[in-house]
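# Descriptive analysis of the structure
Listed below, chain by chain, are the residues.
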Amino acid sequence: MTNDDIARAVLDGTSYVVLATADAAGLPWASPVWFAHEDPRELFWVSFPGARHSRNLADRPELAMVVFDSTRPSAGAQAVYMSATAGQVTDPAEIERGIGVFSRVSVREGLEPWGPDRVTGGARLRLYRAQVTEHSILDPGATVDIRTTVRP
């Protein structure tokens, strides 16, 4: 299995991504969110705009993210580390496309489908998208925490 394959397997096999955001003053905040993707360069989730991570993204769209399988023992652990920019999706065509991705993954996971009505108008939640600029994993051949860039 190549390093790119490892990254893809972690992304495809995990439901949560931890968002590392910062507010306008630089105060950091980490928050796990359930995410969906079809392309590893673009992750979607739904959140309340008043949530701390959502407010942080409104002020500062740059973030770091990590996806990892917390059920694995530390000796075999692997994670995908990502740098990205993110924010609320507001364009109606992009909402339609993004919520389609989110809904397909939701249904595949045995959850209910999602439509644009659940993230627009008077709905409490909104759709968010991260556009990933860099992926890395722990180097499988290293005995210490060394990361290597991948293209899943």
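In the block above lies the structure referred to throughout.
A brief look at the structure comes next. (Residues numbered from 1 in each chain as written. Predicted model: local features only at pLDDT ≥ 70, side-chain atom pairs only at ≥ 80, totals over all residues. Heavy atoms only, no water.)

As for its placement among the helices and strands, S103 is situated in helix 3 (residues 92–108). Those residues in contact with S103, other than ones at most four positions away along the chain, are P113 and W114. (Helix = DSSP H or I, 4+ residues; strand = E, 2+ residues; numbered from the N terminus. Contact = heavy atoms within 4.5 Å.)

Bringing helix 1 (residues 3–12) into the picture now. Among all positions of helix 1, only I6, A7, V10 and L11 are buried. Here the buried residues of helix 1 occupy an arc of 130° about the axis, which is enough to place them on one side. Among the structural elements, strand 3 (36–39), strand 5 (62–68), strand 6 (79–88), strand 7 (126–138) and strand 8 (147–150) are those in contact with the buried residues of helix 1. (Buried < 20%, exposed > 50% of the residue type's maximum accessible area, 1.4 Å probe, protein only. Arc of directions from axis to C-beta.)

Taking burial as the measure, the 6 residues of strand 4 (residues 42–47) include 6 buried ones, the bulk of the element. What you see with strand 4 is no split at all: E42, F44 and V46 on one side and L43, W45 and S47 on the other are buried throughout. As paired elements, strand 3 and strand 4 share 2 bridges and run antiparallel to each other. Looking at the pairing, D39 lines up with E42 of strand 4. Counting the residues that bridge the hairpin from strand 3 to strand 4 gives 2 residues. For strand 4 and strand 7, the ladder comprises 6 bridges, and the chain directions are antiparallel. If you follow L43 over to strand 7, its bridge partner there is A130. (Pairing = 2+ DSSP bridges.)

To continue, consider the pattern of salt bridges. Per the counting criterion, the structure on display carries 8 salt bridges. In this structure, the salt-bridge partner of E94 is R97, at a minimum N-O distance of 2.8 Å. On the criterion of helical spacing, the pair formed by E94 and R97 is a turn pair, its members being 3 residues apart in helix 3. With a relative accessible area of 24%, E94 lands in the partly exposed category. Put simply, E112 and R118 hold a salt bridge, and the shortest N to O gap is 2.7 Å. (Salt bridge = Lys/Arg side-chain N within 4 Å of Asp/Glu carboxyl O.)

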